[in-house]
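# Structural features, examined
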Amino acid sequence: MGKYEKLKQKILSGSSDADIDFGELCQLLLRLKFKERIKGDHHIFSKPDVQEIINLQPKKSKAKAYQVKQVRELIHKYCLGDENVD
């Protein structure tokens, strides 16, 4: 199991939402085929077959816990957890 597959499993488990590295979360979304736009410190992710837009901002070097939860909900809702990210 590779680095991003482990990260995806960590996010899906919900055990440590406040301890997810911001850069790694962005990379995971890119590996899940999301497109990224950056405006200031806002990283905005979208994907054609996903209705919602994900707007992430770093909290120092970590992702905000509530935003990790939003990512987890999207992964479940659109069955993105089945995709290989490594």
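Residues numbered from 1 in each chain as written. Predicted model: local features only at pLDDT ≥ 70, side-chain atom pairs only at ≥ 80, totals over all residues. Heavy atoms only, no water.

## Overview of the pattern of salt bridges
Summed over the entire model, instances satisfying the criterion amount to six salt bridges. Lysine 8 is the salt-bridge partner of glutamate 5, the closest N and O atoms lying 3.2 Å from each other. In this pair, glutamate 5 and lysine 8 are both assigned in helix H1 (residues 3-13), three residues apart and thus about one turn of the helix distant. The salt bridge involving aspartate 17 is made with arginine 72; its shortest N-O contact spans 2.8 Å. Of the two residues, aspartate 17 sits in the loop between H1 and helix H2 (22-31) while arginine 72 sits in helix H3 (residues 65-77), which places them 55 residues apart along the sequence. (Salt bridge = Lys/Arg side-chain N within 4 Å of Asp/Glu carboxyl O. Helix = DSSP H or I, 4+ residues; strand = E, 2+ residues; numbered from the N terminus.)

## Details of the side chain of aspartate 17
Judged by its relative accessible area of 14%, aspartate 17 is buried. Among the polar contacts listed, one links the side chain of aspartate 17 to the side chain of arginine 72, at a separation of 2.8 Å. Once residues within four sequence positions are removed from consideration, aspartate 17 is found in contact with Ala63, Ala65, Val68, Lys69 and Arg72. (Buried < 20%, exposed > 50% of the residue type's maximum accessible area, 1.4 Å probe, protein only. Polar contact = N/O pair within 3.5 Å; in protein donor to acceptor, adjacent residues only side chain to side chain. Contact = heavy atoms within 4.5 Å.)

## A few points about unusual backbone geometry
The backbone of lysine 60 shows a phi angle near 60 degrees, a positive value even though the residue is not glycine. On the secondary structure map, lysine 60 appears in the loop between strand S4 (58-59) and strand S5 (62-63). A positive phi angle, near 55 degrees, is found at cysteine 79, a position not held by glycine. As for its position among the elements, cysteine 79 is in the segment after H3.

## Notes on H1
When we look at burial in H1, the residues that qualify are Tyr4, Glu5, Leu7, Lys8 and Ile11. Looking down the long axis of H1, one finds its buried residues gathered within 160 degrees of arc, a one-sided arrangement. Among the structural elements, H2 and H3 are those in contact with the buried residues of H1. One or two positions beyond H1, positive phi appears at glycine 14, with a value near 75 degrees. (Arc of directions from axis to C-beta.)

## So, the sheet that holds strand S3 (residues 50-56)
Ordered by their spatial adjacency, three strands build an open sheet running S1-S2-S3, and the pairing between neighbours is antiparallel. At either margin of the open sheet sits one strand with a lone partner, and together these are strand S1 (35-39) and S3. Taking the axes of each pair of neighbouring strands and ignoring which way they run, one obtains an average angle of 20 degrees across the sheet. Note that strand S2 (residues 42-47) and S3 share four bridges and pair antiparallel. Counterpart to isoleucine 44 in the pairing with S3 is asparagine 55. (Pairing = 2+ DSSP bridges. Axes fitted to C-alpha atoms, helices over the stretch in contact; angles between N-to-C directions.)

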